[in-house]
Structures are given as structure tokens and as C-alpha cells.
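# Observations on the three-dimensional arrangement
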Amino acid sequence: MNKKENAPIRIVLAKLGLDGHDRGLKVVARMLRDAGMEVVYLGLRQTTEMVVTAVEQEDADAVGISMHNAGHLTLAPRIVKALEDAGLDVPVVVGGIVPESDLEAMAEAGVAGVLGPGSSAEDVATCVREAVATRGE
Amino acid sequence: MFVRQWPPVASEDSTLISLVEKASEGDRRSVGRLLTLVERGGDSAEQVAEATHTLSGKSHVIGITGAPGAGKSTLTACLARDLAVSEYKPAVLAVDPSSPLTGGAILGDRVRMEEASEAGAFIRSMATRGHAGGLALAVPGMVRVFDAFGFNPIIIETVGVGQVEVDVASAADTVVVVVTSGWGDAVQANKAGLLEIADLFVVNKADRPGASDARRDLELMIDLSQLTGQAVRRPEIVITTATEGEGLDEFKKAIFEHKELLFEGEQISIRRSKRWKAEVRSRLDYLLSEVAKESIENLEEEKSSSPGSVARKIAKNLLKKDELR
């Protein structure tokens, strides 16, 4: 049994703070499931600490955060940093409403990918896979 | 389906030793990684099993199973939270089904386990996967990891559909079966399966009509059945409304009473030796089926021979082989 084992990507999905628009996240969860990934769904009202704990315990490969209330410039860098501080090499993908003018700032903050409205299931899965593929580089 | 190659470093001994060391110092990320190694099976899983086997055997393992939507997660969450708040260091292994079509899964148990997690319980979600050897191989190994690093009790939560899921939960020291108010009638209660493995019944959602009927039907079922090999006493029935917190103290008390009864006598060693044998069996099944797989893949159809006779011939040849990879 000297073969390498293949395993599905495990991704933690959450919404941070008081943003209550979770329909998009639920749809994304389903898209990723259908792309063969294991989705650890945390849902609404999460804190950065809760996400970090989940990533540690679930040994997740990626984090997906959904944002619809313009908190992305505050919250996305915070979660990237919290993961880094915890020594976790886990890419963060952000989905939701992110104006194009903020994309550069998001990339600078270390966000691995941004998915806007209208992203197809294919776009979502590809974005996560590419983000995971950059791990450890 | 997209698959990712596991970095080969994981099978290097040095990595494993440092993971085990860190895990024994209480590093939860290392515990998380060791669980992944076991879940993925193969060589690394074997190495983790060797490293954790002698360290384990101290923890009380609780299995919670029942139909989808019966309230297992909510009950598990309440139990884990209360244990974490008091002097315990509980771990939860929450198993959810993988999609048979895509292999993906949505693991939603953490949604209900927020408070338990904040109180310090270690929660790990797991998909049933079609992974090498399946659930029956991975779950005991993962429980052993928790056990080896001081988590106690360990709660396995599985959906009570499918023989493997039921088997996995019933390989616990204390087996809890959750049903709901108005879930069926006396005939349902006498159907075999899930109900025969219980050490403790929970009738949940008692705010709905039918809780006392469900209780009566279960009592009747228990009256009529002989104590099964596994039971140490007549299974208790607890009525709860988990979402309102009603009946939870009785639920915890019943679990602890069962545990004390188990650990008082020889029951625990009888049960664990049975479990040990069952695990050897599922590992053996797995090894044999892996070898058989190759013989079957290379097989050419012989129209003149019956499938049974070909299988016997293959088995004879395999038994001559003295080497299992």
C-alpha cells in the first residue's frame, strides 16, 4: 500500500459578524459539494477566532468568506492575518459584493481570490482549486 | 472530481514524530493533522495507528445515532458543551454523508456546535467518503487519536442509516439511539436494527405530540426483547426537548450511570475486546479485498465457468500467496 492517497479539498465556509445574507453562501456550499469538495459549513455570525478554530480542528485546506455589507476591506485582511498568526497556511477566498476598485487592496491583503455576483459553479470551484494549489509556495 | 496529492512529507517518520509530540503537548492543530492522516488511510494512517495505539484506551466513547433530523447534533452539542464547561475535555466526531455522485459533502454540524466549540470541545466533521477501507477503518483510528491525546469522553455522531454508520456508532462504550415524538408505532419499535443496539434511548422533540406514545412503544419493545449481548442493563428511556434544554440533565445522568455500570464490572473489557476483534476483522476484510481487486481487474470473462467457481479458484490462488502488501 505504498500509494499516495488522494483526498477531496476541505473548505471552511463562513460569514463574519452581523452580515445576515447567507443565501449566497448556501448556494456556494452546494456548488463546492457538487465539485467534489468537503464543505465545513459554519454559517452566520462567526468571529475570526471561530474560523481559525474550525480550520485547525478540521485541518481545512481553504477558507471561504462571504461578504455583502461592505465589510470586506476590514474583515478580509483580519482573517488572513489571524490565520497567518496562528501559523496556518490556508488561502482565503472572498465571495460577495466587492467593488472592482477594491480588488487590488484585497490582493495586497493576501486574499487568494474574489468571486463576485454571477460567478458560475465552475468559476467558484476553479477559484478554490487554484487557491489551494498555491499553498506552500 | 478534483483530487489533491497529499504532500509526501507526511509519511516521513520525523514529521509524524513531531506531530505526535506536539499533539501530546496539547497542540490542537497537530491533532487535527493526525486525524486527517488517519482519515486518508494508507501508510501514514498505519503509522499513526502504531504511534497512538499504546497511548489509548483510557477514554469513554459515546456513540449517538438516529434518523436524520432526530436531533442528534443538537443533543451532541449540548452534551459536549456541558462537559467542556465542567472538568472534561470532550471531542466530537460528527459524520455526515458524502454525495455518492460527486464525492463532495456539506458538513454542517459545527453550526449547532458553536457553544460547545467555544467552551473548548474539539469538534471534527467527517464525510463518509468512499475512501480506502471506508468508515469502519477510519473512525476507530480517529477515536484512538483523540483518546491518545487526552480527550475524554469522545462522542461519535452518525446518521442511523446504512449498516456501516450504525456499526460505527455501535462500536462505542455507550450507544445512544435518538428517536422523535410521534415517530412511529409499536410495529416500528419492534422492527429490528437500530433499536437493538441501544444502551440508552432518547425521545427527542417532546414538545410535539406523541412523546409518551413513543416511550410506551419503546418500553413495550424492550419488555419483549431479551437483553442483547451488548446490553449491561435494561436500556433507559429519556425524554428531551433538546432545543429548549429540557431533559438534558437526565440525558447526561443516564450516560454517566451507564458508564459507571460498564466500568464497575467486566463489561467494559468484554465490550472492548469485541470491538478490537471487529476492527481486526474490518482491517482484514479491507486487505483481502484490495488483493482480490487486482485479480478481478485482470480477469477475462470465461463464459463456460460460473462466477462462483471462478471466485473459489481465485481465493485458492490468493491463499497460496504468503505476502500481503
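Parameters and conventions
Sequence order sets the numbering: in each chain, residues are counted from 1 along the sequence as written. The lettering of chains begins at A and the numbering of ligands begins at 1, in the order of writing. Local features are withheld for residues below a pLDDT of 70 in this predicted model, meaning they are given only at 70 or higher, and side-chain atom pairs are given and counted only at 80 or more; totals for whole chains, interfaces and linings count all residues. Numbering goes from the N terminus for both helices and strands, where a helix is a DSSP run of H or I of at least four residues and a strand is a run of E of at least two. The atom set for the radius of gyration is the C-alpha atoms, and the globule formula is 2.2 Å times the number of residues raised to the power 0.38. A residue pair is marked as a contact if its C-beta atoms, positioned from the backbone, fall within 7 Å. When DSSP finds two or more bridges between a pair of strands, those strands are recorded as paired. Only the contacting stretch of a helix is used when fitting its axis, a line to C-alpha atoms as for every element, and angles between N-to-C directions run 0 to 180 degrees. Roughly parallel here means an angle under 35 degrees, roughly antiparallel means over 145, roughly perpendicular means 65 to 115, and every remaining angle is called oblique. Three residue categories are used. Nonpolar comprises Ala, Val, Leu, Ile, Met, Phe, Trp, Tyr, Cys and Pro, charged comprises Asp, Glu, Lys and Arg, and polar comprises the others, including Gly. By definition, pLDDT measures how confident the predictor is in each residue, and it falls between 0 and 100. Either an automatic procedure or a domain database provided the assignment from which the domain bounds are taken. By convention the nonpolar core is taken to be a set of buried residues drawn from Ala, Val, Leu, Ile, Met, Phe, Trp, Tyr and Cys and joined through C-beta atoms within 7 Å. Here a residue counts as buried when 20 or more other C-beta atoms fall within 10 Å of its C-beta, as exposed when 12 or fewer do, and as partly exposed in between; the C-beta atoms come from the backbone.

### Some points on the overall build of chain A
The number of helices and strands found in chain A is five helices and six strands. Against the globule reference of 14 Å for 137 residues, chain A gives a C-alpha radius of gyration of 14 Å, in line with a compact fold. Along the first, second and third principal axes, the C-alpha atoms of chain A reach 50 × 30 × 25 Å. Counting contacts in chain A only where the partners sit at least 6 residues apart, residues at least 24 apart contribute 70% of the total.

### Thoughts on the sheet that holds strand E5 (residues 92-96) of chain A
An order of E6(A)-E5(A)-E4(A)-E2(A)-E3(A)-E4(B) is seen for the six strands of this open sheet, with the pairing classed as parallel. Of all the strands in the sheet, the pair left with one neighbour each is strand E6 (113-115) of chain A together with strand E4 (105-107) of chain B. Recorded for the sheet is a direction-independent mean angle of 25° between the axes of neighbouring strands. Sheet analysis places strand E2 (residues 10-16) of chain A next to strand E4 (residues 62-67) of chain A, joined by five bridges and oriented parallel. In the strand pairing of E4(A), A:Ala14 is matched with A:Ile65.

### A look at the packing of helix H1 (residues 23-34) of chain A against helix H5 (residues 121-133) of chain A
Residue and element names in this part refer to chain A. At a closest axis distance of 9 Å, the pairing of H1 and H5 adopts a crossing angle of 75°. Here H5 runs roughly perpendicular to H1, going by the angle between their axes. Of the residues in H5, those touching H1 at Val-28, Met-31, Leu-32 and Asp-34 are Ala-121, Val-124, Ala-125 and Val-128. Each residue belonging to the contact of H1 with H5 can be placed in one class, and the counts come to seven nonpolar, no polar and one charged.

### As for the confidence of the model for chain B
Residues and elements named next belong to chain B. Residues at a pLDDT of 70 or more form 86% of chain B, whose mean pLDDT is 84. This stretch, residues 1-12, has a pLDDT under 50; its non-local contacts, to residues over four places away or in other chains, come to 26 contacts. For this predicted complex, the interface confidence comes out at an ipTM of 0.90, alongside a pTM of 0.88.

### Re the domain arrangement of chain B
Interfaces are often sized by the amount of accessible area the parts lose when they come together. Residue and element names in this part refer to chain B. Here chain B is described as being made up of domain 1 (25-271) and domain 2 (279-320). Here the C-alpha centroids of domain 1 and domain 2 sit 35 Å apart. Tallying the contact residues gives four residues for domain 1 and four residues for domain 2.

### Some thoughts on the sheet that holds strand E2 (residues 61-66) of chain B
All names here are of chain B. Taken together, the seven strands give an open sheet; going across it, the order is E5-E3-E6-E2-E7-E8-E9, and neighbouring strands pair in parallel fashion. Taken across any chain shown, the strands that pair with only one partner, and hence form the sheet edges, are strand E5 (122-127) and strand E9 (236-239). Within the sheet, the average angular offset between the axes of one strand and its neighbour, ignoring direction, is 20°. Where strand E7 (residues 174-180) lies against strand E8 (residues 200-204), five bridges are found, and the strand directions are parallel. Following the sheet pairing, Val-177 is matched in E8 by Phe-201.

### Quick notes on the nonpolar core
Formed by 126 residues in total, the largest nonpolar core has its most connected members in A:Ile11, A:Val63 and A:Val128. Per-element tally for this core: the top contributor is helix H7 (residues 135-148) of chain B, with ten residues. Setting aside its immediate chain neighbours within four residues, A:Val63 contacts A:Ile11, A:Val12, A:Val51, A:Val55, A:Ile79, A:Leu83, A:Val90 and A:Val92.

### Side note on unusual backbone geometry
Glycine aside, residues mostly have negative phi angles, and peptide bonds mostly take the trans form. The peptide bond linking B:Asn152 to B:Pro153 adopts the cis configuration, its omega dihedral lying at -5°. Its place among the elements puts B:Pro153 in the loop between H7 and strand E6 (154-159). Here A:Asp59, not a glycine, exhibits a phi torsion of approximately 50°, which is positive. Positionally, A:Asp59 belongs in the loop between helix H2 (48-58) and E4. Despite not being glycine, B:Lys205 has its phi angle at roughly 60°, a positive value.

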